[in-house]
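# Reading the structure
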There are 4 protein chains.
Amino acid sequence: MQIRTDLALESHEICKESAKRDDEIRGVETIVEEDDGVTLTRVMVSDEIGAKILGKPIGAYVTIEAHDLEYDTQIYEKTCEILSEEIRKMVNLTDDSVILVVGLGNDHITPDALGPYTVDRLMVTHHMKKHMPEQLDKGIRSVCAIAPGVLGTTGMETVDIVKGVVDELKPDVVIAVDALASRSLSRMGSTIQIANTGISPGAGVGNRRDGLNEQTLGVKVIAVGVPTVVDAATVAIDSIDMAVKSEDTAAIKEQLYDNMGTLMVTPKNIDLIIERASKTVANGINLALHENMTFSQIEEYVG
Amino acid sequence: MQIRTDLALESHEICKESAKRDDEIRGVETIVEEDDGVTLTRVMVSDEIGAKILGKPIGAYVTIEAHDLEYDTQIYEKTCEILSEEIRKMVNLTDDSVILVVGLGNDHITPDALGPYTVDRLMVTHHMKKHMPEQLDKGIRSVCAIAPGVLGTTGMETVDIVKGVVDELKPDVVIAVDALASRSLSRMGSTIQIANTGISPGAGVGNRRDGLNEQTLGVKVIAVGVPTVVDAATVAIDSIDMAVKSEDTAAIKEQLYDNMGTLMVTPKNIDLIIERASKTVANGINLALHENMTFSQIEEYVG
Amino acid sequence: MQIRTDLALESHEICKESAKRDDEIRGVETIVEEDDGVTLTRVMVSDEIGAKILGKPIGAYVTIEAHDLEYDTQIYEKTCEILSEEIRKMVNLTDDSVILVVGLGNDHITPDALGPYTVDRLMVTHHMKKHMPEQLDKGIRSVCAIAPGVLGTTGMETVDIVKGVVDELKPDVVIAVDALASRSLSRMGSTIQIANTGISPGAGVGNRRDGLNEQTLGVKVIAVGVPTVVDAATVAIDSIDMAVKSEDTAAIKEQLYDNMGTLMVTPKNIDLIIERASKTVANGINLALHENMTFSQIEEYVG
Amino acid sequence: MQIRTDLALESHEICKESAKRDDEIRGVETIVEEDDGVTLTRVMVSDEIGAKILGKPIGAYVTIEAHDLEYDTQIYEKTCEILSEEIRKMVNLTDDSVILVVGLGNDHITPDALGPYTVDRLMVTHHMKKHMPEQLDKGIRSVCAIAPGVLGTTGMETVDIVKGVVDELKPDVVIAVDALASRSLSRMGSTIQIANTGISPGAGVGNRRDGLNEQTLGVKVIAVGVPTVVDAATVAIDSIDMAVKSEDTAAIKEQLYDNMGTLMVTPKNIDLIIERASKTVANGINLALHENMTFSQIEEYVG
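Residues numbered from 1 in each chain as written. Chains lettered and ligands numbered in written order. Predicted model: local features only at pLDDT ≥ 70, side-chain atom pairs only at ≥ 80, totals over all residues. Heavy atoms only, no water.

### Comments concerning the overall build of chain A
- Check the secondary structure of chain A and you find 12 helices and 9 strands.
- Across its three principal directions, the C-alpha atoms of chain A cover 70 × 65 × 35 Å.
- For chain A, buried positions account for 61% of its 303 residues.
- For chain A, the proportion of contacts with a sequence separation of at least 24, taken over those separated by at least 6, is 66%.
- Accessible surface computed for chain A: about 12100 Å², of which carbon and sulfur atoms make up 48%.
- Charge separation in chain A, taken as the distance between the mean sites of 28 positive and 49 negative side-chain charges, equals 5 Å. (Helix = DSSP H or I, 4+ residues; strand = E, 2+ residues; numbered from the N terminus. Buried < 20%, exposed > 50% of the residue type's maximum accessible area, 1.4 Å probe, protein only. Contact = heavy atoms within 4.5 Å. Areas by Shrake-Rupley, 256 points an atom, 1.4 Å probe, with all protein chains shown as cover. Lys, Arg positive; Asp, Glu negative; His and termini not counted. Charge placed at Lys NZ, Arg CZ, Asp CG, Glu CD.)

And the structure:
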């Protein structure tokens, strides 16, 4: 009965909570840097013990938290720049590096669409670098990008598709972008994790079946993710824990209400749910209003 | 510190829970009909006392619950037909009735898009009825439809827009379709409420500021809604209540986990959150990979 | 057998061509201003004779042409500013003016979607001006916006919907935004017409049935439009005219090929065509590959 | 100065026109079958001479024409079934065949989106066949599908991506779906071509740079395509040819007007054009109405 999170930062918090002590967990180091509206936390998992405790492979996990990202243009610009620096620290790029960006997830289910949407906005240059390098400014690197889709829509493991493309392209590094699960609703869209370990099996909003990492792809993989969903059980269990620790459940409820009162939750496949629900309501109304039409005539009309 | 719900059925449940007794609340009657995969509940609020207790105007509220709506085509067809019958019972239609369907909500925020999406699928006929009635089969009624938008994007109260159109068109009845809030995640997309009271102020996913009903529009209003969001505080408070009533919090957690384990929650404005988050990640990667580009050059590129 | 155009500029060109003389047509004056990548043409129709010849009501029609609008950010910014000045010249705004922007057209058919898309990007303030004026900077005016839809999807004449809203809101001016037809493919998306006459019946990509102007709405109407479609017959007829005037058809073909060689054309309802075609191809493949599935099982699956 | 078409049927027509004779071209055979609203034309290119004349590789090209596809549900069902039979004739499927469907094109440019949209509607089963074959009915084959994107958005030749996936998956056959260019506006969306030759370099709406065929992929490739664009020069040149052949240009114009009068054309990148145009118009209006806002403040607001 575990709390579901893809953030090393949160795994670390959870371990500390259950360990009931505030000091460091063996094999895991954390450093926190504050910078005017943006918090940077580095979680370093240095050995197998730390990896086992945290449930995350050995490696570095950098978390950028910027709660006003959505409303404050300066915070937005700063966050882009910090993210850029942290990626560069993890990848050794030369002028001739070829980089493949992989946008994981399903672009028809909004909370899972971070990867494909990111790929849509990349400055992709590999083809120009190859065919008209003289037209590109110095410092423009050779970038490719794909959004390989998900198991349910391709019929193939994502790792197999990406492996095929990597074998053909032979990039120096893969940057895998994915939507993540977090335990906290307040982190939705305002936290970014960069990891030099790639993506583990079972991670991501859609629980990718196989990992995308150096073992599976044969090339270094940097993972960049943003939380977009919370496990509903996690919200509820966190509340019970609070209620049990304290005796004053009324106060807890009030606090919960203050924190969450304006937040509405909705299932992650809400796009499909709305699609179907609107069809049902429309056809109910159509049938009600047009008396001699049969169900299949109406269905045909709606198309 | 109230539980937010737009379903009369749930208001009634909540009243009974807090009343600690199982029998009828004064001024409210309920009838439940089961029919092979579909449950119909009629809540009749018959006087001001019932209305005050339930927080819903005097009138009839019919709830159709069909948990397999999304997967089972037969249940889908049956649900459309039951909805159609219930609408007809509430509206006295003649062959010459003119009906205006109003799809409330914001079509750019998926959980609020039920109304506009429904309007897209209606069989709209008013213009044909007027200009080429001979081409329409008997039984086809005169139907108009609008999706008036929401306060934040139009700058006008929705009721003012609809009032203007009603005054011009003079329909016999308005059917208002809206996304609703429920206390239960399991009702998302699988429950439909039809009410002969119209829509009350503050109802709906976007908390419509003014009601759409006979008082405000001067014409009978039938409301059709489907729950698409749950108040996050509601989920948490429900859990605490369970934990406090029982002593066995471990068992409760396990049960919660069993019920909700696979359900992920996501904020209702997830579409906008993903939009912004993907922009941030893309630009972070763009800046990281293309060294001599400035932030504004990148922004311009992304467009 | 007329050439279809909504641009006064082009109507004027066509008149001059058929008049076989280059001087002014009676009752119509034109002024051309060039400014570094942007051309401004003012066509003033001053009397009924001019109006009849041009087929446009008496009034002022300003055309902004900016061929590099799509690629050049400076041209884009300049065009926005010129458009802004021209609108202000046509409207007498005070600090207390209330403006209603109406986005005409169908947002599900891309070439007809200019109006609704524009409305999505407006800074709408009427509700804030009314409820929290102290939070708004000076100079922010009271702006409302609606996208009323089209006859085929609402069942109502657009003018009736807008009239209803105008009667309720009582704005000082209406700005109507619409996609236009032009005779020239090179003007698609790169030309803007502003007219102080409102919109005439039959204009726009969807041939709006009734006009939106001071007579129909009882309030001043400024029309802003951008060409997004060309009548296919117009392209063909223009070619024949060229071929007949000159004897050297080979040279004309070559020139046509040079001018249009890379331009592909597609019908205006391409969105619907693609929708249906992809369904057909997918189901053909589905039926081919899965042998025991019937057509309706496949249809159901596709949903 | 060639007429651009991806349909073998049209290449054949054009050859016959320029050959000024009606009988067969050497190395090319055609058979026409009519069936109640649907026409089937088989063009067989049997040797290198025919291939050179037609500009199409040796192979079989089947064209299904169904002009009422969009409006008539029976024609739609029949077309799906004929397409299914023709695909099966070209592919030798066994119960254990693995099929990869490749949806070519850019899903953000509507006329180029046929491939990706088709992939969205396929019944994909490879993963189920592998992990839970007992749950699948007999006759369900192992199907995978990808939409690899286009050169401009991936930075990689599409053939390289598909080659990588084919090497990893080792399917028995590839079905490549693509939007096509035709010389005739009346064929948009109502004609389907199936070819056992795969896709040639330069074909498709986006002029795919490299072909997808047995030589490049090492596995049999069936191409399925639907015309969605017409070369603008083609429309014009066809008109001139008509005008020159006949003396009666007035009659030709009239006929053109009758045939094309209601058809509007729009460039293939209309989606991007509308995006930019609506931004320009919105910001022009924003600047006009809100006096103290700068261009960049407005830009930021629009986002």
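### Some points on the relation of the copies chain D and chain C
- In the superposition of chain D on chain C (RMSD 0.1 Å, axial shift 0.0 Å), the rotation amounts to 180°. Such a combination of turn and shift is consistent with a two-fold rotation axis.
- Most of the interface of chain D is mirrored in chain C, where 100% of its interface residues again form contacts. (Least-squares fit on C-alpha atoms with pLDDT ≥ 70 in both.)

### Details of the interface of chain D and chain C
- Counting from both sides, the interface comprises 100 residues of chain D and, opposite them, 100 residues of chain C.
- Summed over both partners, the interface of chain D with chain C buries about 9500 Å², with 71% contributed by carbon and sulfur atoms.
- Linking chain D to chain C there are 1 salt bridge.
- In this structure, Glu275 of chain C and Arg121 of chain D form a salt bridge, with 2.6 Å as the shortest nitrogen-oxygen distance.
- The dominant element in the side of chain D that touches chain C, judged by the number of residues it contributes, is helix α11 (residues 270-289) of chain D, at 20 residues. (Buried area = accessible area lost by both parts, 1.4 Å probe. Salt bridge = Lys/Arg side-chain N within 4 Å of Asp/Glu carboxyl O.)

### Quick word on the nonpolar core
- Ranked by internal contacts, the top residues of the largest apolar core, which has 112 residues, are Val101, Ile175, Ile194 and Val224 of chain C together with Val101, Ile175 and Ile194 of chain D.
- Setting aside residues no more than four positions away along its own chain, Val101 of chain D makes contact with Ile285 and Leu289 of chain C together with Val119, Leu122, Val143, Cys144, Ala145, Ile146, Ile175 and Val177 of chain D.
- One finds Leu40, Val91, Val101 and Ile194 of chain B within the second-largest nonpolar core, a separate group that totals 48 residues. (Core = buried A, V, L, I, M, F, W, Y, C linked by side-chain atoms within 4.5 Å.)

### Thoughts on the packing of helix α7 (residues 158-169) of chain A against helix α7 (residues 158-169) of chain D
- Between α7 of chain A and α7 of chain D, whose axes approach to 7 Å, the crossing angle comes to 120°. With respect to their mutual orientation, α7 of chain A and α7 of chain D come out oblique. As for the relative orientation of α7 of chain A and α7 of chain D, their crossing is right-handed in sense. Note on element contacts: α7 of chain D touches α7 of chain A through Asp160, Ile161, Lys163, Gly164, Val165, Asp167 and Glu168 of chain D, opposite Asp160, Ile161, Lys163, Gly164, Val165, Asp167 and Glu168 of chain A.
- In the contact of α7 of chain A with α7 of chain D, the residues fall into 4 nonpolar, 2 polar and 8 charged. (Axes fitted to C-alpha atoms, helices over the stretch in contact; angles between N-to-C directions. Parallel < 35°, antiparallel > 145°, perpendicular 65-115°, else oblique. Left-handed = near helix turned anticlockwise from the far one by under 90°. Nonpolar A, V, L, I, M, F, W, Y, C, P; charged D, E, K, R; others polar.)

### A look at unusual backbone geometry
- In this structure, Asp36 of chain A is a non-glycine residue whose phi angle is positive, near 40°.
- The residue Asp36 of chain A is located in the loop between β1 (28-35) and β2 (38-45) in this model.
- Residue classification places Asp36 of chain A among the exposed positions, given a relative accessible area of 67%.
- Backbone geometry places Lys170 of chain C, a non-glycine residue, at a positive phi of 55°.

### Observations concerning helix α11 (residues 270-289) of chain A
- Given a rise of 1.5 Å per residue, 20 residues ought to cover 28 Å, and the 28 Å separating the end C-alpha atoms of α11 of chain A matches this to within 8%.
- Burial analysis of α11 of chain A places 18 of its 20 residues in the buried class, which makes it a mostly covered element. (Expected span 1.5 Å × (residues − 1).)

### Considerations on the environment of Asn92 of chain A
- By secondary structure assignment, the location of Asn92 of chain A is in the loop between α3 (73-90) and β4 (98-103).
- Along the primary structure Asn92 of chain A and Val173 of chain A are separated by 81 residues, whereas in three dimensions their C-alpha atoms are 9.0 Å apart.

### Points about a negative patch on the surface
- A surface patch of negative charge is lined by Asp107 and Asp120 of chain A together with Asp107 and Asp120 of chain D.
- Its relative accessible area of 47% is what places Asp120 of chain D among the partly exposed residues. (Patch = residues over 30% accessible without salt bridge, like charges linked within 9 Å, V, L, I, M, F, W, Y side chains within 5 Å.)

### Some thoughts on the packing of helix α9 (residues 232-245) of chain A against helix α9 (residues 232-245) of chain B
- For the pair α9 of chain A and α9 of chain B, interaxial distance at closest approach is 8 Å and the crossing angle is 50°. The angle between α9 of chain A and α9 of chain B places the two elements in the oblique class. Judged by the sense of rotation from one axis to the other, the crossing of α9 of chain A with α9 of chain B is right-handed. Residue-level contacts link Ala236, Ser239, Ile240 and Ala243 of chain A of α9 of chain A to Ala236, Ser239, Ile240 and Ala243 of chain B of α9 of chain B.
- Here the contact of α9 of chain A with α9 of chain B is built from residues that sort into 6 nonpolar, 2 polar and no charged.

### Concerning the environment of Val45 of chain C
- Among the structural elements, Val45 of chain C can be located in strand β2 (residues 38-45).
- The exposure class of Val45 of chain C is buried, given its relative accessible area of 3%.

### Remarks on the confidence of the model for chain A
- Averaged over every residue, the pLDDT of chain A is 85; the share at 70 or more is 92%.
- The complex model carries a pTM of 0.88, and its ipTM stands at 0.87. (pLDDT = per-residue confidence, 0-100.)

### A word on α9 of chain A
All names here are of chain A.
- If you check α9, its first and last C-alpha atoms are 20 Å apart, about what 14 residues at 1.5 Å a residue would give, namely 20 Å.
- Across the 14 residues of α9, 10 count as buried, placing the element largely inside the fold.
- Among all positions in α9, only Ala232, Ala233, Thr234, Val235, Ala236, Ile237, Asp238, Ser239, Ile240 and Ala243 are buried.

### A closer look at the pattern of salt bridges
All names here are of chain B.
- Going through the model one piece at a time under the given rule, you end up with 54 salt bridges over all chains.
- Across the pair Glu86 and Lys89 runs a salt bridge whose closest N-O atoms are separated by 3.0 Å. Of the two residues, Glu86 and Lys89 are both situated in helix α3 (residues 73-90); the distance of 3 residues between them amounts to about one turn of the helix.
- On the basis of relative accessible area, Lys89 is assigned to the exposed category, the value being 56%.

### Let's talk about the side chain of Arg183 of chain A
Residues and elements named next belong to chain A.
- Tracing the sequence through the fold places Arg183 in the loop between β6 (173-182) and β7 (191-195).
- By relative accessible area, Arg183 is classed as buried at 11%.
- Apart from the residues within four sequence positions on either side, Arg183 is in contact with Ile3, Arg4, Thr5, Glu10, Glu13, Ile14, Glu17, Val230, Thr234 and Asp238.

### Notes on the environment of Thr110 of chain D
- With respect to the helices and strands, the residue Thr110 of chain D is situated in the loop between β4 (98-103) and α4 (114-120).
- Through-space distance from the C-alpha of Thr110 of chain D to that of Thr234 of chain D is 21 Å; in sequence the pair is 124 residues apart.
- Setting aside chain neighbours within four positions, we find Thr110 of chain D in contact with Thr110, Ile270, Asp271 and Ile274 of chain C together with Asp271 of chain D.
- Here the side chain of Thr110 of chain D touches Asp271 of chain D through a polar contact of 2.5 Å, side chain to side chain. (Polar contact = N/O pair within 3.5 Å; in protein donor to acceptor, adjacent residues only side chain to side chain.)

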